[in-house]
Amino acid sequence: MEDKLILSPSPHLRAKTNTTRIMLDVLIALAPAAVASMLLYGFHALVVLADTVLAAVAAEWISRKVMKRENTVGDLSAVVTGVLLAFNLPPSIHPLTAAFGAVVAIVVVKQMFGGIGCNFVNPALAARIVLLTSFPKAMTSWTAPIKLGSAKIDAVSCATPLALHASGEDTPLMKLFLGTTGGCLGETCALALIIGGIYLVFRRVISPVIPLVYLSTAAAVSLLLGEDPLFQLLSGGLMLGAIFMATDYTTSPMNTSGKVIYAVGCGVLTMVIRVFGNLPEGVSFSILLMNILTPLIERATVPKPFGEGRHSREKA
Amino acid sequence: MNSGSASFPKRPHPTRGGASVPHRKNTADCRSEIMRCPETVVLPMKQHIGAPCVPCVKAGNAVAIGDVVGKSGAYVSAPIHASVSGTVTKIIPVKLADGSVCDAVVIQSDGQMRVSKSVRPPRVTNKAELVAAVRESGLVGLGGAGFPTSVKLDVPEGCTVDTLLVNCAECEPYITSDHRAAVEDTEDILRGLETVMRCESIPRAIMAIERNKPDAIRALDDAIRKSSEPESRRVGMLKLKAKYPQGDEKVLIKACTGRTLPPGRLPCDVGCLVMNISSAAFLGSFLRTGIPLVKKRVTVDGSAVSSPKNLIVPIGASVRDVIACCGGYCEPCGKLMYGGPMMGVALPNDTFPIIKQNNAILAFGREDSVLPRTTACIRCGRCAAHCPMHLMPAAVEAAVRTKDIASLKKHGVTVCFECGSCAYSCPAHRQLVQVMRLGKAMVRESQSAE
């Protein structure tokens, strides 16, 4: 039996999980919002979703091939990036523009820095910002959601609740909660996003720290600045950002104390941009900025090893 | 020494981290069997932490069970005794599971298992006699570390121990040898720990046991209640959540007393003495019979073992003989290990002997031995969340890659005791324990270079 036994370092037992399973859970959590987007914006939503997912997967496959590296399409992370990017685009976006965004996300932001786990900012968010600065008009023309029962398929343009708010017009909270407003594909239906978030926490894919701290900070700052906190939480990309974008493993701190600092930063920046900035929306930029600060936060929050620092306290 | 009622924690203090590993205690209900006498035993001279022993017998010498075959003058060491009666055939160098080489005494058994005439119960009335007797018994920490118990019991002047912790957590999957000891050797356990409490003047003892062993908890509870010794009034039970690595010394001290043992310090520095339950059971039987540590209860399990069971094995019997006593292999073996699947050491073949601190032999079939493919770290933070020592294995891995000693020290790599919770929970299946070992070696090397 010599030379036939496997020698490997301990542990010899591993939890039955892997990266693919985690990404699959994220996709499952994104499904309610995807369904909502199709109900709200119809065929357009499906086209944009399929378009970005296909482009992201193709970009991942080709770039790994070109770099002569192991193929990583199977881990489903490119699919997640594709869906998240689609969720951050207006329903009326041209398929080629959307595909360009997916290529930027995968090739420039993710693969050029080493692939999964190595990107320093969230690929979907960075791509959204590239598109926003390259195609400002296309990225800010919004379509009104389909009225249930109406046969009209033509896209009617409308403004987002945050833009309306800036001009003094308020949207009912119930509309915001259900997502029957203008906006990016996946960001409008808060209900669907919250269901997805609960699934992720329940499956222990994400810790609830970042979403909860992000949302409560944003609410607290809105109160401080005289804004309606509920309106602020339910409008724009805040739910999508807090639940799905800010919780990206690679670009957020690992430890709870780091997560708190990061999420507070996201919340404050979002509200500052929304209220004082020139832009109606601040979620993407604030998360991106905090992504860049993540390595610094991480360095500042290295936990004290067991028994170091605080000395043994007698209790029993 | 206060003889009044001692106070006991009602519930464990909270501890952080750890992993919910599967229990797989398949042999929990198997009454231990005594292994038939093997033809030969191989007794390595290093079965403990500290100085290796030097053989004190020669080829051709006749020996009986309990005769000393290896000893050392060093303080941190434990003598080694013949585990079968017969003839010493040779003294050869053998390779140990960690790759190091040491001398070993090989004894050809005469099949009679005669006990040496020199064996007689020790007289133990005070601490000095206890320490001397335990030294003679060859006892080392049977939980796995193998630290000589005589050294542990020789608590330095100025250190006040107020709690004896009896470790029956047994958090490793598969292993049930401590569980069986608790059920089968209950009286010896109580005798052992009562003697330690009396000689060391320890006011209370806590038996810490995971909740997943209800029959062991019942047996110990009954025995404490029935015992007529005054010490038994000061023995309490503490049921712990079944969570890996509950049985680690630092985690156990924290859970039972709320005290935090700083790195590099000994349990007596926080007023604790930690003893494995099998060590306590052995001590009790040694006080009764005088037979030194020559046999060990070992759980034999794993998918490649025909009939998994608990076996009382003469120390030095080969893994092959042990598995043959369990019906042999039922499928081609893919991985063989000393100890449990979380911290056990994989063996290159089955000729290795059972040593003192072995508590299990696991043999897995081919299918269960295949390693999951390692993929890129996604920085999910599970390794840090599950670390009982609050470390960040993912950050240590980055520091090891760049040989960044300062970062390794900052991340406290030397505090790691290699429980494997990080690697167990890693979705990318990275070899994080090996990374931690590398990191520790780098820090050690840099310190010795200074």
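Along its length, chain A carries 14 helices and 2 strands. Taken over C-alpha atoms, the radius of gyration comes to 21 Å for chain A, in line with the 20 Å a tight globule of 316 residues would show. Considered along the principal axes of its C-alpha atoms, chain A spans approximately 75 × 55 × 35 Å. Counting across all 316 residues of chain A, residues that qualify as buried make up 54%. Considering only residue pairs separated by 6 or more positions, chain A has 74% of its internal contacts joining residues 24 or more positions apart. In the structure as shown, chain A presents an accessible area of about 14,200 Å², 69% of it carried by carbon and sulfur atoms.

What follows is about the sheet that holds strand β6 (residues 80-81) of chain B. Residues and elements named next belong to chain B. Reading across from one edge, β3-β5-β6 is the order of the 3 strands in this open sheet, with antiparallel pairing throughout. The outermost strands of the open sheet, each flanked by one partner alone, are β3 (54-55) and β6. Across 2 bridges, β3 lies against strand β5 (residues 68-71) in antiparallel orientation. Opposite proline 55, over in β5, you have glycine 70 as the bridge partner.

Another aspect to go through is the side chain of threonine 72 of chain A. Note that threonine 72 of chain A resides in the loop between α2 (43-66) and α3 (77-87). Once residues lying within four places of it in the same chain are set aside, the contact partners of threonine 72 of chain A are Glu60, Arg64 and Gln111 of chain A.

With that out of the way, let us pick up the packing of helix α4 (residues 186-200) of chain B against helix α7 (residues 277-289) of chain B. All names here are of chain B. Running from N to C, α4 and α7 point in directions that differ by 85°, and their axes come no closer than 7 Å. The pairing of α4 with α7 is recorded here as roughly perpendicular in orientation. Judged by residue contacts, Asp188, Ile189, Arg191, Gly192, Thr195 and Val196 of α4 engage Ile277, Ala280, Ala281, Leu283, Gly284, Ser285, Leu287 and Arg288 from α7. Among the residues forming the contact of α4 with α7, the class breakdown is 7 nonpolar, 4 polar and 3 charged.

Before going further, it helps to spend a moment on the packing of α2 of chain A against helix α4 (residues 95-110) of chain A. All names here are of chain A. Look at α2 against α4: their axes get within 8 Å of each other, and the N-to-C directions meet at 35°. In this structure, α2 meets α4 at a crossing whose hand is right-handed. For the pair α2 and α4, the contacting residues are Val47, Asp51, Thr52, Ala55, Ala56, Ala59, Glu60 and Ser63 in the first and Pro95, Ala98, Ala99, Ala102, Val103, Ile106, Val107 and Lys110 in the second. The residue inventory of the contact of α2 with α4, partitioned by class, reads 11 nonpolar, 2 polar and 3 charged.

Applying the stated criterion across every chain, the model contains 5 aromatic pairs over all chains. For the ring pair phenylalanine 113 of chain A and phenylalanine 120 of chain A, a centre distance of 5.0 Å and an interplane angle of 65° mean the geometry is edge-to-face.

Attention now goes to the pairing of strand β10 (residues 204-210) of chain B. All names here are of chain B. Within β10, 7 of the 7 residues are buried, which leaves the element mostly enclosed by the surrounding structure. Taking every second residue as pointing to the same face, both faces of β10 are buried, with Arg204, Ile206, Ala208 and Glu210 on one and Ala205, Met207 and Ile209 on the other. Sheet topology places strand β9 (residues 163-168) next to β10; 6 bridges connect them, and they run parallel. Pairing of cysteine 168 across the sheet is with isoleucine 209, part of β10.

Here we come to α3 of chain A. Residues and elements named next belong to chain A. Most of α3 sits inside the fold, with 11 of its 11 residues counted as buried. Within the sequence span of α3, burial applies to Ser77, Ala78, Val79, Val80, Thr81, Gly82, Val83, Leu84, Leu85, Ala86 and Phe87. Elements in contact with the buried residues of α3: α1 (19-41), α2, α4, α5 (123-134) and α12 (238-245).

So, on to helix α5 (residues 214-226) of chain B. Residues and elements named next belong to chain B. Taking 1.5 Å of rise per residue, 13 residues should cover 18 Å, and α5 covers 18 Å from first to last C-alpha, within 8% of that figure. Buried residues of α5: Ala216, Ile217, Leu220, Ala223 and Ile224, and no others. For α5, the buried positions fall inside an angular range of 135° around the axis, keeping them on one side. Residues of α5 that are exposed and point more than 90 degrees away from the buried face comprise Arg218, Arg225 and Lys226. The inward-facing, buried residues of α5 contact α3 (177-184), α4, β10, β11 (235-240) and α7.

Residue and element names in this part refer to chain B. Per the domain assignment, the segments making up chain B are domain 1 (127-289) and domain 2 (382-449). If you look at the interface, domain 1 gives 6 residues, while domain 2 gives 6 residues. Of the roughly 470 Å² buried at the junction of domain 1 and domain 2 (both faces included), carbon and sulfur atoms supply 72%. By the criterion of area lost to domain 2, the three top residues of domain 1 are Tyr244, Pro245 and Lys250, representing 62% of everything that side buries. Run the count over domain 1 and domain 2 and you get 0 salt bridges. Summed over the shared surface of domain 1 and domain 2, the result is 1 residue pair in polar contact (both at pLDDT 80 or more).

Further remarks concern the sheet that holds strand β8 (residues 101-109) of chain B. Strand order in the open sheet made by the 4 strands is β2-β8-β7-β4 (chain B), with antiparallel pairing throughout. Among the strands making up the open sheet, the edge pair consists of β2 (40-44) and β4 (62-63) of chain B.

Moving on: the pattern of salt bridges. Residue and element names in this part refer to chain B. Summed over the entire model, instances satisfying the criterion amount to 22 salt bridges over all chains. Its salt-bridge partner being glutamate 33, residue lysine 309 comes within 3.0 Å of it at the nearest N-O pair. With lysine 309 in strand β14 (residues 309-314) and glutamate 33 in strand β1 (residues 33-34), the pair connects residues that are 276 residues apart, well separated along the chain. Given a relative accessible area of 12%, lysine 309 falls into the buried group. For glutamate 33, a relative accessible area of 36% gives the class partly exposed. Across the pair arginine 191 and aspartate 188 runs a salt bridge whose closest N-O atoms are separated by 2.6 Å. You can see arginine 191 and its partner aspartate 188 sitting in helix α4, 3 residues apart, about one turn around the helix. The class for aspartate 188 is buried, based on a relative accessible area of 10%. Connected through shared salt-bridge partners, Arg180, Glu184, Asp185 and Arg297 make up one network.

How each quantity is defined
- Numbering of residues begins from 1 in every chain and follows the order in which that chain's sequence is written.
- Chains and ligands are labelled sequentially in the order written, the chains with letters from A and the ligands with numbers from 1.
- Local features are withheld for residues below a pLDDT of 70 in this predicted model, meaning they are given only at 70 or higher, and side-chain atom pairs are given and counted only at 80 or more; totals for whole chains, interfaces and linings count all residues.
- Note that the side-chain values use all heavy atoms of the structure and ignore hydrogens as well as water.
- The helix count covers DSSP runs of H or I at least four residues long, the strand count covers runs of E at least two residues long, and both are numbered beginning at the N terminus.
- Only C-alpha atoms enter the radius of gyration; for comparison, a globular chain is expected to reach 2.2 Å times N to the power 0.38, where N is the number of residues.
- Think of it in three bands: with a 1.4 Å probe and only protein chains considered, a residue is buried below 20% of the maximum accessible area for its type, exposed above 50%, and partly exposed in between.
- Only heavy atoms matter for contacts: two residues are in contact if any of them lie within 4.5 Å across the pair.
- For accessible areas, the Shrake-Rupley method is used with a probe of radius 1.4 Å. Any residue's cover is judged against the shown protein chains and nothing else.
- The pairing criterion is simple: DSSP has to find at least two bridges between the two strands.
- Fitted lines through C-alpha atoms give the axes, limited to the stretch in contact for helices. The angle between two N-to-C directions lies from 0 to 180 degrees.
- Reported orientations rely on four angle classes, namely roughly parallel under 35 degrees, roughly antiparallel over 145, roughly perpendicular from 65 to 115, and oblique for the rest.
- Only Asp, Glu, Lys and Arg are considered charged, only Ala, Val, Leu, Ile, Met, Phe, Trp, Tyr, Cys and Pro nonpolar, and every remaining residue, Gly among them, polar.
- Note on convention: the crossing is left-handed when the near helix lies turned anticlockwise from the far helix by less than a right angle, right-handed when the turn is clockwise.
- Under the pairing criterion, centres of Phe, Tyr and Trp rings, with the six-membered ring standing for Trp, must be within 6.5 Å; the plane angle then separates stacked pairs below 30 degrees from edge-to-face pairs above 60, leaving the rest tilted.
- By definition here, a helix of n residues has an expected span of 1.5 Å times n minus one.
- The directions considered for the arc are those from the helix axis to the C-beta atoms.
- Annotation comment: domain bounds sourced from an automatic or database domain assignment.
- Simply put, the buried area is the total loss of 1.4 Å probe accessible area from both parts when two parts are fitted together.
- Criterion for a salt bridge: a side-chain nitrogen of Lys or Arg within 4 Å of a carboxyl oxygen of Asp or Glu.
- Pairs of N or O atoms are called polar contacts if they sit within 3.5 Å, as long as, within protein, a hydrogen donor faces a hydrogen acceptor (for residues adjacent in sequence, only side-chain-to-side-chain pairs).

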